Amino acid sequence: MSFNHIVIQNILRDKWTYVSYFLSSMFSIIIFFLFTVIVFHPSLAGLDPDSTLGLALMLASLLVYLFSFIYIAYSIMAFLKKKTKTLGIFMITGASMKQIRMLVFRENILIGVLAIITAIVLGLVISPLFLMGARVVLNAEAFGMYFPIKAIMLTVGLFLVLFVVISKVMTRFINKEASIQLLKSDVVIEKSIKSHYLLLFISIMISTTLVYLLKIDHDIVGSLSLLFYAAFFVSVLCTIYLIISQGMRFMLKAFERSSAYMKQTNMLLASNLNAKMKSHANMLFLITILLSGVFLCTSILFSSYYNVEKDSEANYPYSFQYIAPPKADPSMVKADIENIEKQLSTVDSQNYFIEFKSNEDQRLGYMSVSDYNLLHNEKINLGANEFIAVAGNRKTLPITNVSDDKYLKQFKLVSVNEKNLLTTGFQQTYFIVPDEVYNSIKYPVYKTYLFELDNWTAHTELAKKIIKDFPHIYEERYVTSKIELYDAEMFTKSVMFFIGSMLSLIFLSAAMSILYFYLQTTLLQEKEKYVGIRKLGLSKKELFTVVSKELAILIFVPFAIATTMLFATLFAMRTMVSTSFLQVSMMSSLCFFVLFFVSYIFIRKSYFKRLLSN
């Protein structure tokens, strides 16, 4: 019998353990492959790698691969933990540690290669449907099918390296003494969680302080930069773990002193939780962190859709804005405006003609109150020495100190409008002055033609054509459109939503897989324990009740903690988030609860069936 034959027979004899490891690995590879199919799509070939979208795609690719690395490493560790007893048998029969490590290494490489091949084949089958879905999400008609050679090569190369590195490293954790001891005793007694309430209090105080500094934007946040966020992240993780572990310990102690402890099967449930308190706490912590990542991705990225229209209008208040600078050719301007009006004749629109004068050195605009009233459909009257300051940049307050201004230094400010007047950044501030004062100002005149379309978000193709026909020409014409900005931002948000969906899917599947592996590694021990308990008179119904409650704790407690963290964060940011953000968060939480409940029903049925099987 050859060594490779032993490897294959070892896999076939314990196929269900290997199947779970194979499926989890294959799923990670499929997710990465499908993601790279999008990244290397010809439609994105012209994407600037230094742009926000390009950087987001690159960062997301790294995150997906890094998470796959961690996830597969965890899968291998769980796999080795379950195989410890089998490895102990090999050791007793005379196998050396070198042979044991070679056996495990070859098993992992074989499973890894099969997972890669299967994932690529399934990925190629799924990719047409996947690209159809991506085309709908990204609203990109050119997002068609292609043969992803680059995606295949990258996936195969990276995951081969991943399996070789992880398999080589993880085999070093095989402990000969522990394997033989487990084979002899057949029982592993966990160490109980110790009381660390003082440490919990200190951790909460540190995290609270860091959150407060972050919220008030203290100088220390800017000075420490990345170091502060790293400390904040580590502090939050430690606090969450301590809350879960110490909270579990406290709740069990309190439950044991309550009257409910002696009722029905509660004593057995409490005994199970006490015996596996540390491993349960670790599992609750891991699933809580993964679910928090899911909620964060879905809430932020889903809600971003709701703000695109508002943000586009805040930057470019009008559907089309044509500014003719002082040096513009009047005949060209006339022809341009006539052409634009002709193209817009088929849609309902309102047209405005105004002008403003500009102190070009300081980029300060001056507009008559008549033109300002025309834009805002108002009837504001200004005194001879009064003015209004209006924002020229989005999210930047207008200048109100005019003590050094050539024309307005004796004028009185009557109001401030923080809403952007024209295209953001074209001027720093616009001063609205009486008509007589405006006529006396000796600065260059910028003639401005504004077009506002009804239901403007539905005219993206028209906007693209007009912007293409009338591009920017320095010192001759400046053309902007909130419709074009809206279309570009929607595409960016769609890609970001797509990235977030992929990450959420990975986090969610990882949470369920980690729970599945945890149940798998303890299955044999639990079966033997419940066989003994049933001999004492425990019925199947009572056993089902205990198992159901224990699984419910492992599944729904992390969900409850992650949801609480999400809404606590939203409450702290209530002045910064919109109502739509809250609505999306509530809807996504409800959807995930339904998904988790279905998963709970399925896992409970499958686990209980295997628990009672011979």
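Parameters and conventions
Residues numbered from 1 in each chain as written. Predicted model: local features only at pLDDT ≥ 70, side-chain atom pairs only at ≥ 80, totals over all residues. Heavy atoms only, no water. Helix = DSSP H or I, 4+ residues; strand = E, 2+ residues; numbered from the N terminus. Buried < 20%, exposed > 50% of the residue type's maximum accessible area, 1.4 Å probe, protein only. Contact = heavy atoms within 4.5 Å. Polar contact = N/O pair within 3.5 Å; in protein donor to acceptor, adjacent residues only side chain to side chain. Core = buried A, V, L, I, M, F, W, Y, C linked by side-chain atoms within 4.5 Å. Axes fitted to C-alpha atoms, helices over the stretch in contact; angles between N-to-C directions. Left-handed = near helix turned anticlockwise from the far one by under 90°. Nonpolar A, V, L, I, M, F, W, Y, C, P; charged D, E, K, R; others polar. Pairing = 2+ DSSP bridges. Salt bridge = Lys/Arg side-chain N within 4 Å of Asp/Glu carboxyl O. Patch = residues over 30% accessible without salt bridge, like charges linked within 9 Å, V, L, I, M, F, W, Y side chains within 5 Å. Areas by Shrake-Rupley, 256 points an atom, 1.4 Å probe, with all protein chains shown as cover. pLDDT = per-residue confidence, 0-100.

Novice: Could you give me a rundown of the overall build of the protein chain, with the residues and numbers involved?
Specialist: For the protein chain, the count of helices and strands is 19 helices and 8 strands. Buried residues in the protein chain amount to 47% of all 614 residues. Restricting to contacts in the protein chain with at least 6 residues of sequence separation, those with at least 24 account for 83%.

Novice: Quick rundown of the side chain of Ser292? Include the residues and the values.
Specialist: Among the structural elements, Ser292 can be located in helix H11 (residues 277-315). For Ser292, a relative accessible area of 19% puts it in the buried group. A distance of 2.8 Å separates the side chain of Ser292 from the backbone oxygen of Thr288, its partner in a polar contact. Not counting residues within four places of it along the chain, the set of residues in contact with Ser292 comprises Ala562 and Met565.

Novice: Can you lay out the nonpolar core for me, pointing to particular residues and giving the numbers?
Specialist: In this structure, Phe159, Leu515, Leu519, Tyr530, Val547 and Phe596 are the most contacted members of the largest nonpolar core, which totals 91 residues. No other element matches helix H16 (residues 482-521), which puts 16 residues into this core. Ignoring sequence-local partners within four residues, the contact set of Phe596 consists of Leu291, Leu508, Met512, Ile555, Phe556 and Phe559. Listed in part, the 23 residues of the second largest apolar core include Val308, Tyr322, Phe451 and Ile466.

Novice: How would you explain the packing of helix H7 (residues 197-215) against helix H9 (residues 226-256) if you had to name every residue and give the values?
Specialist: Relative to each other, H7 and H9 sit at 145°, their axes nearing to 9 Å. Relative to H9, the crossing made by H7 is left-handed. Its residues assigned to classes, the contact of H7 with H9 comprises 18 nonpolar, 5 polar and 1 charged.

Novice: Outline the pairing of strand E6 (residues 429-433), listing residues and values.
Specialist: Walk down a regular strand and you will see the side chains alternate between the two sheet faces. Taken across its 5 residues, E6 has 5 buried, putting it largely inside the fold. What you see with E6 is no split at all: Thr429, Phe431 and Val433 on one side and Tyr430 and Ile432 on the other are buried throughout. The sheet contact formed by strand E3 (residues 364-368) and E6 spans 5 bridges and is parallel. The partner of Met367 across the bridge, within E6, is Ile432. In this structure, strand E4 (residues 386-391) lies alongside E6, joined through 4 bridges in antiparallel fashion. Counted as the bridge partner of Ile388 is Ile432 from E6.

Novice: Break down the sheet that holds strand E2 (residues 349-359) for me, citing the residues and quoting the values.
Specialist: Sheets are built from strands that pair by backbone hydrogen bonding, the pairs being arranged parallel or antiparallel. Taken in spatial order, the 8 strands line up as E5-E4-E6-E3-E2-E7-E1-E8 in an open sheet, and their pairing is mixed. Every interior strand has two partners, whereas the edge strands, strand E5 (412-417) and strand E8 (478-480), have only one. Going from strand to strand, the sheet's axes swing by 25° on average, the running direction of each strand aside. Sheet strands touched by helix H13 (residues 369-376): E2, E3, E4, E5, E6 and strand E7 (445-453). Its angle to E3, the strand with the most contacts, is close to 85°.

Novice: Quick rundown of the environment of Ser588? Include the residues and the values.
Specialist: Turning to its location among the elements, Ser588 is positioned in helix H19 (residues 579-612). On a C-alpha basis, the gap between Ser588 and Val294 in space is 9.8 Å, while along the polypeptide they are 294 residues apart.

Novice: Which residues make up the pattern of salt bridges, and what values do they have?
Specialist: Within this structure, the stated rule accounts for 8 salt bridges. The salt bridge partner of Asp487 is Lys464, with a shortest N-O separation of 3.4 Å. Taken together, the residues Asp487 in helix H16 and Lys464 in helix H15 (residues 460-469) connect sequence positions 23 residues apart. Among the charged side chains, a network of salt bridges with common partners joins Glu313, Glu452 and Lys482.

Novice: Tell me about unusual backbone geometry, and please be specific about residues and values.
Specialist: A positive phi angle, close to 55°, is found at Arg363, a residue other than glycine. On the secondary structure map, Arg363 appears in the loop between E2 and E3. Despite not being glycine, Asn455 has its phi angle at roughly 50°, a positive value. By the element assignment, Asn455 lies in the loop between E7 and H15. Take Asn455: its relative accessible area is 55%, and that puts it in the exposed class.

Novice: Describe a nonpolar patch on the surface, naming the residues involved and giving the relevant values.
Specialist: A contiguous nonpolar surface patch, about 670 Å² in accessible area, is contributed by Leu59, Leu63, Leu66, Phe69, Ile70, Val161, Val165 and Val169. Among the elements of the structure, helix H3 (52-92) and helix H5 (149-170) are those that each provide at least two residues to the nonpolar patch. Sorting elements by how many residues they give to the nonpolar patch places H3 first, with 5 residues. Counting through the fold element by element, Leu66 comes out in helix H3.

Novice: Any details on the confidence of the model for the protein chain? Residues and values, ideally.
Specialist: Predicted confidence across the protein chain gives a mean pLDDT of 79, with 82% of residues reaching 70 or more. Counting interchain partners and residues more than four positions distant, the pLDDT-below-50 stretch residues 177-187 has 16 contacts.

Novice: Break down the pairing of E7 for me, with residues and values.
Specialist: By the criterion of burial, E7 is predominantly enclosed, with 7 of the 9 residues buried. Of the strand pairs in this sheet, strand E1 (residues 320-324) and E7 are connected by 5 bridges, and their pairing is antiparallel. Counterpart to Phe320 in the pairing with E7 is Phe451. Across 9 bridges, the pairing between E2 and E7 is antiparallel. Bridge assignment links Gln350 to a residue of E7, and that residue is Glu452.

Novice: Go over the environment of Cys297 with me, naming the residues and quoting the values.
Specialist: For Cys297, the position within the fold is in helix H11. Placed 206 residues apart in sequence, Cys297 and Leu503 show a C-alpha to C-alpha distance of 7.5 Å.

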